[in-house]
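Each chain is listed here by its residues.
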Amino acid sequence: MARKTKRKNKTSQRFAEIDKQVDPLKYYTLNEAIDLVKKTATAKFKESVDMAVRLGIDAKKSEQNVRGITNLPHGTGKKTNVAVLANGEDIKIAEEAGADTVGDDDLIKKIQGGWKAFDVMVATAAMAPQIGKIGKFLGPKTPNKRNGTVTTDIAKTVKEIKAATRAEYRIDKAGVIHMGIGKTEYSADQIRENFNTVLDAINRARPSSTKGKFIVSITLSSTMGPGVKVDSVLAVKGAGG
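Visitor: Go over the overall build of the chain, please, and point to the residues and values.
Guide: The secondary structure content of the chain amounts to eight helices and ten strands. In terms of principal-axis extent, the alpha carbons of the chain reach across some 60 × 60 × 35 Å. Counting every position in the chain, which comprises 241 residues, the buried fraction comes to 42%. In the chain, the proportion of contacts linking residues at least 24 apart, taken out of those at least 6 apart, comes to 71%. Taken as a whole, the chain presents about 13700 Å² of accessible surface, with 49% of it coming from carbon and sulfur. Across the chain, the 42 positively charged side chains and the 27 negatively charged ones have centroids separated by 9 Å.

Spelled out as structure tokens, the structure:
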């Protein structure tokens, strides 16, 4: 019987060329990093600008869990499909605010049947007791007060999400926060302002139990581009940290 061999992934010629433009050992200023990210975004679609922040925390300790929401001054540039669990007058309010799907018991049954054609689910505070019926079907999309998706101001919440100004950040198991902070077509100033907003929010969310350096490293990249290391000390100072 012929033995199967694994094919090695070959780096594309496009990526090989743009990768040469980035020094993997250098820590760039924020302005230099943004210019490089924009310059190396050569894919045939509009790429996002992605930010990865490694924190000096113990991700296994619940008291050091870093997460929250912030509003980006220039948005993420991402189109978001929003579903809202609401009843009564809140249904009309959510629809007028731009929600893509709104319902109460009918929406619950739809989700229990396997429907997941949305990016974010929001629930009014009045419908919060009903969330338990669909939590196991929603997983990480389950609305909760901590990230603002259970709200008493449904209109404001839906508008912020649809405008892509609201951005959620949270650490992964390795203690790294990954999030999009705009599009490569944004101006350098717009990307810089979004970056500083996120970094300031993360700094303010620092758990009191952490010791030593909190922002360990920062990397910027486009969706299909190489990672560009940012000088975290200068970046934190620039963000008001």
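That covers the picture; the talk isn't over yet.
Visitor: Which residues make up the packing of helix α3 (residues 89–97) against helix α6 (residues 154–162), and what are the values?
Guide: Closest axis-to-axis distance for the α3/α6 pair is 8 Å, and the angle between their directions is 25 degrees. When the axes of α3 and α6 are compared, the pair comes out roughly parallel. When you trace α3 past α6, the crossing you get is right-handed. Here Asp90, Ile93, Ala94 and Ala97 of α3 lie close against α6, whose contacting residues are Ile154, Ala155, Val158 and Lys159. Across the contact of α3 with α6, the residue classes break down as six nonpolar, no polar and two charged.

Visitor: Can you tell me about the environment of asparagine 65, naming the residues and giving the values?
Guide: By secondary structure assignment, the location of asparagine 65 is in the loop between β1 (48–55) and β2 (67–71). For asparagine 65, a relative accessible area of 29% corresponds to the partly exposed category. Residues asparagine 65 and glycine 175 lie 110 residues apart in sequence; the distance between their C-alpha atoms is 8.6 Å.

Visitor: Now, about the environment of isoleucine 181: what can you tell me, with residues and values included?
Guide: Tracing the backbone through its elements, the reader meets isoleucine 181 in strand β8 (residues 176–183). The spacing of isoleucine 181 and phenylalanine 195 is 14 residues in sequence and 6.5 Å in space, taken between C-alpha atoms. With near-sequence residues (within four places) excluded, isoleucine 181 lies in contact with Val49, Met51, Leu72, Gly75, Ile191, Asn194, Phe195, Val198 and Leu220.

Visitor: Please set out unusual backbone geometry residue by residue, giving values where relevant.
Guide: Phi is positive for alanine 164, close to 60 degrees, though the residue is something other than glycine. In this structure, alanine 164 sits in the loop between α6 and β7 (166–170).

Quick notes on the rules
Residues numbered from 1 in each chain as written. Predicted model: local features only at pLDDT ≥ 70, side-chain atom pairs only at ≥ 80, totals over all residues. Heavy atoms only, no water. Helix = DSSP H or I, 4+ residues; strand = E, 2+ residues; numbered from the N terminus. Buried < 20%, exposed > 50% of the residue type's maximum accessible area, 1.4 Å probe, protein only. Contact = heavy atoms within 4.5 Å. Areas by Shrake-Rupley, 256 points an atom, 1.4 Å probe, with all protein chains shown as cover. Lys, Arg positive; Asp, Glu negative; His and termini not counted. Charge placed at Lys NZ, Arg CZ, Asp CG, Glu CD. Axes fitted to C-alpha atoms, helices over the stretch in contact; angles between N-to-C directions. Parallel < 35°, antiparallel > 145°, perpendicular 65-115°, else oblique. Left-handed = near helix turned anticlockwise from the far one by under 90°. Nonpolar A, V, L, I, M, F, W, Y, C, P; charged D, E, K, R; others polar.

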